[in-house]
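Fold and geometry: a report
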Amino acid sequence: EAQVTQNPRYLITVTGKKLTVTCSQNMNHEYMSWYRQDPGLGLRQIYYSMNVEVTDKGDVPEGYKVSRKEKRNFPLILESPSPNQTSLYFCASSPKPISYEQYFGPGTRLTVT
Amino acid sequence: ILNVEQSPQSLHVQEGDSTNFTCSFPSSNFYALHWYRWETAKSPEALFVMTLNGDEKKKGRISATLNTKEGYSYLYIKGSQPEDSATYLCAFLTGTASKLTFGTGTRLQVTL
């Protein structure tokens, strides 16, 4: 089944404790992206990747890192999480180019205390 | 950051009603406009990707139109059903960017 998977789905952590949210897709998509969803705000892009080893900042990249060593994986890293990073996170992928529809993962709800 | 606006913010209709909502986006440097349907506790799913001025797309009872010159798109739902209850998101892509800018969505609730 074609899908985007994310892990973990739920995470409660403490300020400053490094964490990684994994994202994997099995559709051979070149474009992958991370978004965060906060109440009253639209989905905001954190980082995106046009292909392996090619990543770029989205609209809200501060406090996040990403890597794209393999085509299928695009992990989101929070080196020192803070409470303002409490949010619902979505990973998405699409075929090249980005004008194609995006396929979203199930979401990761992160709480930083 | 580009401004993509959706209206209304929320909408409550009865089963069988037809409804429509609007997505407004910058009219310059247009590349594509996406519509997504997002049910509670699920992830957004693509409805349409529109690229040409005057484009009309249809999927069952849902259709969309696009006006790139004036910077708006309409989403129509004919004969709303309770299963249409969801948040409908639009997202705009410029010709020079490689990222989508999403609106805040229109939340539709359909009751019996």
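For the structure, see preceding data.
Read on for a plain summary of the structure. Just so it is clear, the structure is predicted and the values come from calculations on it, not from any experiment.

Calculation rules
- What you see as residue numbers is a count from 1 along each chain, following the sequence as written.
- Written order decides the labels, with chains lettered from A and ligands numbered from 1.
- Residue-level local features of this predicted model are given only where pLDDT is at least 70; pairs of side-chain atoms are given and counted only at 80 or more, and the full residue set underlies all totals for whole chains, interfaces and linings.
- Heavy atoms from the whole structure form the basis of all side-chain values; hydrogens and water molecules are not counted.
- Being paired, for any two strands, means DSSP has found at least two bridges between them.
- The secondary structure listing takes helices from DSSP runs of H or I that are at least 4 residues long and strands from runs of E that are at least 2 residues long, numbered from the N terminus.
- Axes here refer to lines fitted to C-alpha atoms; in helices the fit is confined to the stretch in contact. Angles between the N-to-C directions go from 0 to 180 degrees.
- When checking whether two residues touch, look at their non-hydrogen atoms; a contact exists if any pair is within 4.5 Å.
- Using a 1.4 Å probe, buried area is obtained as the accessible area two parts lose upon being combined, added over both of them.
- Salt bridges are counted wherever a side-chain nitrogen of Lys or Arg sits within 4 Å of a carboxyl oxygen of Asp or Glu.
- In protein, a polar contact requires one atom able to donate a hydrogen and another able to accept it; more generally it is a pair of N or O atoms within 3.5 Å, and residues adjacent in sequence count only if both atoms are side-chain atoms.
- Throughout this entry, Asp, Glu, Lys and Arg are counted as charged residues, while Ala, Val, Leu, Ile, Met, Phe, Trp, Tyr, Cys and Pro are counted as nonpolar. The remaining residues, Gly among them, count as polar.

**So, the sheet that holds strand β7 (residues 62-67) of chain B**
All names here are of chain B. The antiparallel open sheet is built from 5 strands, whose spatial order is β1-β3-β8-β7-β6. Each of the sheet's edge strands pairs with one partner strand only, and the pair in question is β1 (5-7) and β6 (56-59). Neighbouring strand axes in the sheet, compared pairwise and without regard to direction, differ in orientation by 15° on average.

**With respect to the interface of chain A and chain B**
Facing the 23 residues of chain A at the interface are 20 residues of chain B. For the pair chain A and chain B, the summed buried surface comes to about 1,700 Å²; carbon and sulfur atoms form 64% of the total. Here chain A is connected to chain B by 0 salt bridges. Here chain A and chain B share 2 residue pairs in polar contact (both at pLDDT 80 or more) between them. Mapped onto the side of chain A that touches chain B, the elements with two or more residues apiece are β4 (31-37), β5 (44-51) and β9 (87-94) of chain A. Residue composition of the side of chain A that touches chain B, grouped by class: 12 nonpolar, 8 polar and 3 charged.

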